Amino acid sequence: MVTRELLAPRSIQVRTLRAAIFDVDGVLLASPHERAWREALRGFGESEGFTTAMYQADVAGKPRLSGARAALEALGVPDAAGRAVAYAARKQKRLEELIAEGAVKAFPDALRFVQAVADLGWPMAVASSSKNANEMMRSIRLGSGQSLLDIFGANVCGRDLPRGKPDPAIFLLAASELHVDPFQCFVAEDAPAGIKAACAGRMEGLGVARKNDAAGLRTAGAEVVVTSFDDIAVEELAEGRLRRRPA
Ligand SMILES: [Mg+2]
């Protein structure tokens, strides 16, 4: 009989997690990015084709200009690269209007989970490529009187980096600011590009599939995919393992 030990490569490392990195939009906050992208398309004559599936696959998690270009390309708009600047600017304007209107809401399961991880005493970071993430998180107040942003020890949201997700740079920077080996971090992400970035940085990917898009997150390399953070076994996490709660 061949045992698992004999089949495992000698270099395999057992992962013991001890820090958490969170994407913001779609993970912690129901932020109106997708709506702003869609509404900003009016005038480009292509708003029909802008679906949630396309947004998740091509736009979510990317820096603004790359996202604009990817969306226009996916929609077959001529001169996508040239028109991306104008589209990105219109999207930003619409997003700021939506934030001012109070369109940003926190996911209750995310607030519970972040508090549970904080209670474990783990270092935690937020890492969104969005330049609007700080303002959005500051607008969410916790029971303790803190803002959502105050609970994180490191914040690398909106930093100017040479490459966006799926490049791991933003998550590696977060791990570095937490003073934790990336291999001991998990990354909670709702976009395949973010999961790919986590894996490329040797971190464990926790896919948060809030929009019936679990398959794309699994394909991208997520170790665990949940539709709510309530499905994560916090007792297992305390031991350094990312697992679903038994059904
Ligand atoms: Mg996201």
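Notes on the structure in this doc start here.

Parameters and conventions
- Residues numbered from 1 in each chain as written.
- Predicted model: local features only at pLDDT ≥ 70, side-chain atom pairs only at ≥ 80, totals over all residues.
- Heavy atoms only, no water.
- Pairing = 2+ DSSP bridges.
- Helix = DSSP H or I, 4+ residues; strand = E, 2+ residues; numbered from the N terminus.
- Contact = heavy atoms within 4.5 Å.
- Axes fitted to C-alpha atoms, helices over the stretch in contact; angles between N-to-C directions.
- Buried < 20%, exposed > 50% of the residue type's maximum accessible area, 1.4 Å probe, protein only.
- Lys, Arg positive; Asp, Glu negative; His and termini not counted.
- Salt bridge = Lys/Arg side-chain N within 4 Å of Asp/Glu carboxyl O.
- Polar contact = N/O pair within 3.5 Å; in protein donor to acceptor, adjacent residues only side chain to side chain.

For sheets, the rule is that strands pair by backbone hydrogen bonds, running either parallel or antiparallel. Spatial strand order, β5-β4-β1-β6-β7-β8: six strands in an open sheet with parallel pairing. The open sheet is flanked by β5 (154-155) and β8 (224-226), the only strands paired with a single partner. In the sheet, strand β1 (residues 19-22) pairs with strand β4 (residues 124-126) via three bridges, with the strands oriented parallel. Bridging across to β4, F22 finds its partner in V126. Sitting on the sheet, helix α8 (residues 169-178) is in contact with β1, β4, β5 and β6 (185-189), with an inclination near 140° to β1.

Our focus in this paragraph is the side chain of D25. You can see D25 is positioned in the loop between β1 and β2 (29-30). One buried charge, D25, has no salt-bridge partner; the nearest side chain with opposite charge is K91, at 7.1 Å. Side chain to side chain, D25 and S31 meet in a polar contact 2.6 Å long. Here H33 takes part through its side chain, which lies 3.1 Å from a polar atom of the side chain of D25. Not counting the four nearest positions on each side in its chain, D25 is found in contact with S31, H33, S128, S130, M136 and D190.

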